[in-house]
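Architecture and fold: a report
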Amino acid sequence: MLVTLEKVKEDGIVTLNHLVELASYDLSEYNGRDVNENGLFVVDFDSKSWLDSEHFHLFFVRVDGKIAGFVVIRHLYKEQVINLNHFFVLRKYRRQGVGREAAIQAFNLFKGRWRVNQYDWNVPAQHFWRSVIQAYSKQNYTETIREDIKGPSQEFSNHEM
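Let me sum up the structure you'll find in this document. Because the structure is a prediction, the values reported are computed rather than measured.

Conventions used here
- Residues numbered from 1 in each chain as written.
- Predicted model: local features only at pLDDT ≥ 70, side-chain atom pairs only at ≥ 80, totals over all residues.
- Heavy atoms only, no water.
- Helix = DSSP H or I, 4+ residues; strand = E, 2+ residues; numbered from the N terminus.
- Expected span 1.5 Å × (residues − 1).
- Buried < 20%, exposed > 50% of the residue type's maximum accessible area, 1.4 Å probe, protein only.
- Contact = heavy atoms within 4.5 Å.
- Salt bridge = Lys/Arg side-chain N within 4 Å of Asp/Glu carboxyl O.
- Polar contact = N/O pair within 3.5 Å; in protein donor to acceptor, adjacent residues only side chain to side chain.
- Pairing = 2+ DSSP bridges.
- Axes fitted to C-alpha atoms, helices over the stretch in contact; angles between N-to-C directions.

The terminal C-alpha atoms of helix α1 (residues 13-31), which comprises 19 residues, lie 25 Å apart, in line with the 27 Å expected from a rise of 1.5 Å per residue. For α1, the set of buried residues is I13, L16, N17, L19, V20, E21, A23, S24, D26 and S28. Where α1 is buried, its residues touch α2 (48-52), β2 (56-63), β3 (66-76) and β4 (81-89). Looking one or two residues past α1, G32 carries a phi angle of roughly 75°, positive in sign.

So this is what it looks like as structure tokens:
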């Protein structure tokens, strides 16, 4: 399988919005959210604001050319941190190395101090990110519990990689 990241352009906004809805559906298994009366988890969401911001970089994850998920990277300029803000891989492509490869490609896009956060209730994400970051950073990372997101956060630098 060929895993690639493709920059989201303006004509991909509707697709990205749909993928955000699918990601929200997946997370409902862990966070207990319900759909609204229109059958949606996400209300009044438009990823165009991300696209228009210099702080965000949006990518589709593709497997052999087919959309398999998305990555949203956010530069936190005041903290001098690159934050992996959102990361989603469709269930069909999980446990096949797609997420790991997409994460590595995302990390390799920007050099600097990275932060990846998980909510306390998203235990599968915590296991995934610890494994990926431990391997990518060669065990050179720190983990803290962040009160603002109520969950673990890993930080590492890829300046020397």
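It is worth spelling out the pattern of salt bridges at this point. Applying the stated criterion to the full structure yields 10 salt bridges. Between R94 and D26 there is a salt bridge; the shortest N-O distance is 2.4 Å. Linking R94 in the loop between β4 and α3 (98-109) with D26 in helix α1, this pair joins segments that are 68 residues apart in sequence. Judged by relative accessible area, which is 9%, D26 ranks as buried. By sharing partners, the salt bridges in this structure join D26, E29, R91 and R94 into a single network.

Looking at the element boundaries, S137 is found in the loop between α4 (123-136) and β6 (142-146). Reaching out from S137, the side chain makes a polar contact with the backbone oxygen of I133 at a distance of 2.7 Å. Those residues in contact with S137 that sit more than four places away from it in its chain are F156 and M161.

This paragraph deals with the sheet that holds β4. Read from one edge to the other, the open sheet built from 7 strands follows the order β1-β2-β3-β4-β5-β7-β6, with strand pairing classed as mixed. Two strands lie at the open edges of the sheet, namely β1 (3-7) and β6, each paired on one side alone. Here the strands of the sheet are splayed against their neighbours by 30° on average, with no regard to which way each runs. Of the strand pairs in this sheet, β3 and β4 are connected by 8 bridges, and their pairing is antiparallel. Residue pairing in the sheet places I73 in a bridge with L84 of β4. With respect to the sheet, α1 is in contact with β2, β3 and β4, its orientation differing from that of β3 by roughly 90°. Sitting on the sheet, α3 is in contact with β1, β2, β3, β4, β5 (113-117) and β7 (151-157), with an inclination near 50° to β1.

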